[in-house]
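Observations on chain architecture
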Amino acid sequence: MNISNDFYFSERGFLFDTNTGLTFSLNKSGAFVFQQLKKGLDAAHIAEALVEKYGVDEKTAAGDVRDFIQRLKDFRLAAD
Amino acid sequence: MVHCNVAVTGLNAMEDSLPGIPVIRSLRAAGEELTGKIIGLTYDTFDTGIYNSELLDEVYLMPYPSEGETAILQRLKEIVKKTPIQVLIPTVDAELVSYSRLEPELNELGIKVLLPPEDRIRLHQKQQLGAFCYYNGIKAPRTITITDPAELSAAAKQVGFPFVLKGTFHDAYMVSSLPEALVFYHKIKEAWGLPMVVQEYIKGEEYTVVALADGSERLVGAVAIKKLRVTGTGKCWAGGTVHNEELLALARGIIEKLRWVGPLELEFIKRPDSPGYYLFEFNPRFPVTVYLVTRSGHNFPLALVRLLMGEKVEKLNGYQAGVVSTRHTVDVIAPMEYIESLATKGELIFDWKRKKEFKKELISYE
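Read on for an overview of the structure.

Cut-offs used in this document
- Residues numbered from 1 in each chain as written.
- Chains lettered and ligands numbered in written order.
- Predicted model: local features only at pLDDT ≥ 70, side-chain atom pairs only at ≥ 80, totals over all residues.
- Heavy atoms only, no water.
- Phe/Tyr/Trp six-rings, centres within 6.5 Å; stacked < 30°, edge-to-face > 60°.
- Helix = DSSP H or I, 4+ residues; strand = E, 2+ residues; numbered from the N terminus.
- Buried < 20%, exposed > 50% of the residue type's maximum accessible area, 1.4 Å probe, protein only.
- Lys NZ or Arg CZ within 6 Å of the ring centre and 35° of its normal.
- Expected span 1.5 Å × (residues − 1).
- Arc of directions from axis to C-beta.
- Contact = heavy atoms within 4.5 Å.
- Salt bridge = Lys/Arg side-chain N within 4 Å of Asp/Glu carboxyl O.
- Buried area = accessible area lost by both parts, 1.4 Å probe.
- Lys, Arg positive; Asp, Glu negative; His and termini not counted.
- Polar contact = N/O pair within 3.5 Å; in protein donor to acceptor, adjacent residues only side chain to side chain.

1. So, the packing of aromatic side chains
Inspection of the entire model under this criterion finds 13 aromatic pairs over all chains. Here the aromatic rings of Trp260(B) and Phe282(B) are separated by 5.1 Å at their centres, their planes lie at 80°, and the arrangement is edge-to-face. On the criterion of sequence distance, the pair formed by Trp260(B) in the loop between α9 (245–258) and β14 (262–270) and Phe282(B) in strand β15 (residues 278–283) is long-range, its members being 22 residues apart. On the accessibility criterion, Trp260(B) (1% relative accessible area) is buried. For Phe282(B), a relative accessible area of 1% corresponds to the buried category. Between Tyr338(B) and Phe350(B), the ring centres sit 5.2 Å apart and the planes meet at 80°, which makes this aromatic pair edge-to-face. Of this pair, Tyr338(B) sits in helix α12 (residues 336–345) while Phe350(B) sits in the loop between β17 (347–349) and α13 (352–365), placing them twelve residues apart in sequence. With a relative accessible area of 4%, Tyr338(B) lands in the buried category. Residue Phe350(B) is classed as buried on the basis of its relative accessible area of 8%. An aromatic cluster of three or more residues is present, and its members are Phe7(A), Phe9(A) and Phe34(A). A cation sits over an aromatic face here: Arg25(B) above Tyr291(B), 4.2 Å from the ring centre.

Laid out in structure tokens, this is it:
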């Protein structure tokens with residue numbers, strides 16, 4: 001998973017794509033997932049971290065991470 | 001460092017803001033790199049930017065472009081007798097052809113301008129842009145030129161509602177019905193005359209590319225901006241610089257095809273449901289977003305002055321993406337003597353002592 005380097009990102013979840021100029025507001029868990037992706041963690045490890053941090057079940061966490069990554073790909077903020 | 005007096009037009013910043021003040025702010029941002037006077041050339045005593053004594057050294061009233069080139073030249077002859085002008089940056093669409101035609105006479109007065117020939121300037125006129133795009137394979141909204149309100153109905157059938165009704169030089173209104181189109185037809189006709197164009201409305205994200213080409217049609221630089229806040233008439237009041245190589249490459253190709261000389265702005269729309277960008281407008285001058293461009297690292301107005309003063313200007317690369325600006329209005333308090341000077345003598349010379357006194361007066365007033 002490659003995360004684009006063309007953005008401004010704050011820990012509060014504000015994201016400005018410096019390629020398209022689109023802005024995004026991520027909620028707390030979204031910002032957390034994005035930070036983990038930036039660190040280079042894969043989807044499985046991020047799902048585990050979500051379970052630990054937010055107490056959600058593994059299936060929900062894995063699904064949410066997968067959906068989130070797909071949205072990033074849709075906006076060309078991430079690529080395989 | 002370059003030393004010269006620079007005259008700038010287009011100092012009115014009402015609903016449809018002109019780019020003169022952002023150009024001057026860019027020149028002021030050059031600091032000691034540019035020494036000399038900044039001279040405002042204006043059309044009306046109450047043009048909104050002219051009483052800003054922090055930005056301007058002198059202001060002169062000019063005849064309207066509609067009064068003809070002889071009147072413009074005559075007025076400039078009077079002005080340069082008082083204050084020589086080495087560089088003139090016109091920023092109003094309606095005056096560009098006149099300044100381009102007058103270039104030899106301006107040179108005789110010691111004034112330099114960086115403009116393409118008349119035929120290339122006229123390409124920006126909305127009725128010509130569609131043909132230019134068609135013949136050069138550039139994606140553009142469908143555009144139909146009309147000269148009679150009876151043509152609105154047929155044009156609407158071709159492009160569908162809503163569409164954008166545009167004047168040749170200024171004004172653009174999105175219309176959703178024939179009665180609404182008729183109202184704006186007459187409004188535009190009264191302000192800007194005929195013809196006007198019916199342009200297909202494309203919904204999407206809007207971008208603009210601001211660029212400068214030198215006298216040899218060499219691109220000095222280009223900066224892409226995402227419009228973040230757009231008014232009902234399509235004016236950008238908030239924008240952020242972006243690095244979008246697809247867009248910049250497209251813009252570079254268009255500028256090459258235009259064989260452009262001087263400043264320009266290309267405006268694009270990106271549809272969410274299809275690839276590529278649609279060119280929907282082309283402005284043959286600096287846009288109001290030029291100060292944002294300056295703050296991203298490319299001071300095009302300064303580069304233009306340096307080019308005209310015979311300096312070598314290297315290609316500008318590597319501007320900063322993610323620089324955001326918002327435009328807002330401020331009240332400028334003007335002493336009555338300033339207004340009187342401009343109204344009665346057609347000129348206003350800002351005196352630095354008076355500036356200081358006036359600042360004190362303002363502080364005590366506030």
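From this point, things continue past the structure.
2. Comments concerning helix α8 (residues 178–192) of chain B
Residue and element names in this part refer to chain B. Between its first and last C-alpha atoms α8 spans 20 Å; for 15 residues at 1.5 Å apiece the expected length is 21 Å, and the two agree. Listing the buried residues of α8 in full gives Ala181, Phe184, Tyr185 and Ile188. Axial view of α8: buried residues confined to an arc of 120°, hence all on one face. For α8, exposure combined with an orientation more than 90 degrees from the buried face picks out Pro179, Val183 and Glu190. In the core, the buried residues of α8 are packed alongside β7 (143–146), α7 (151–159), β8 (163–167), β9 (172–175) and β10 (196–200).

3. Quick look at the pattern of salt bridges
For the structure shown, the criterion picks out 21 salt bridges over all chains. Between Lys73(A) and Asp80(A) there is a salt bridge, with the nearest N and O atoms lying 2.8 Å from each other. A residue is classified by how much of its surface remains accessible, and Lys73(A), at 24% relative accessible area, is partly exposed. For Asp80(A), a relative accessible area of 72% corresponds to the exposed category. Between Arg120(B) and Glu217(B) there is a salt bridge, with the nearest N and O atoms lying 3.3 Å from each other. Of this pair, Arg120(B) sits in helix α5 (residues 118–121) while Glu217(B) sits in the loop between β11 (205–213) and β12 (219–230); the two residues are 97 residues apart in sequence, bridging distant segments of the chain. Each of the salt bridges in this network shares a partner with another, and the network as a whole consists of Glu69(B), Arg101(B), Glu118(B) and Arg122(B).

4. Considering the interface of chain A and chain B
Across the contact, seven residues belong to chain A and twelve residues belong to chain B. In total, chain A and chain B occlude about 630 Å² of area from one another, counting both sides; carbon and sulfur atoms represent 56% of this. A per-residue breakdown of the area chain A buries against chain B is headed by Phe16(A), Thr18(A) and Asn19(A), which together make up 57% of the total. Taken together, the connections running from chain A to chain B amount to zero salt bridges.

5. Observations regarding the environment of Leu307(B)
Residues and elements named next belong to chain B. One can find leucine 307 in helix α11 (residues 300–308). Residues leucine 307 and alanine 213 lie 94 residues apart in sequence; the distance between their C-alpha atoms is 10.0 Å. Excluding its chain neighbours within four sequence positions, the residues that come into contact with leucine 307 are Leu114, Leu212, Asp214, Val220 and Val313.

6. Observations concerning the side chain of Asp17(A)
Residue and element names in this part refer to chain A. Its place among the elements puts aspartate 17 in strand β3 (residues 14–17). The buried charged residue aspartate 17 lacks any salt bridge partner; its closest oppositely charged side chain belongs to arginine 76, at an N-O distance of 8.7 Å. In this structure the side chain of aspartate 17 is engaged in a polar contact, spanning 2.8 Å, whose partner is the backbone nitrogen of asparagine 19.

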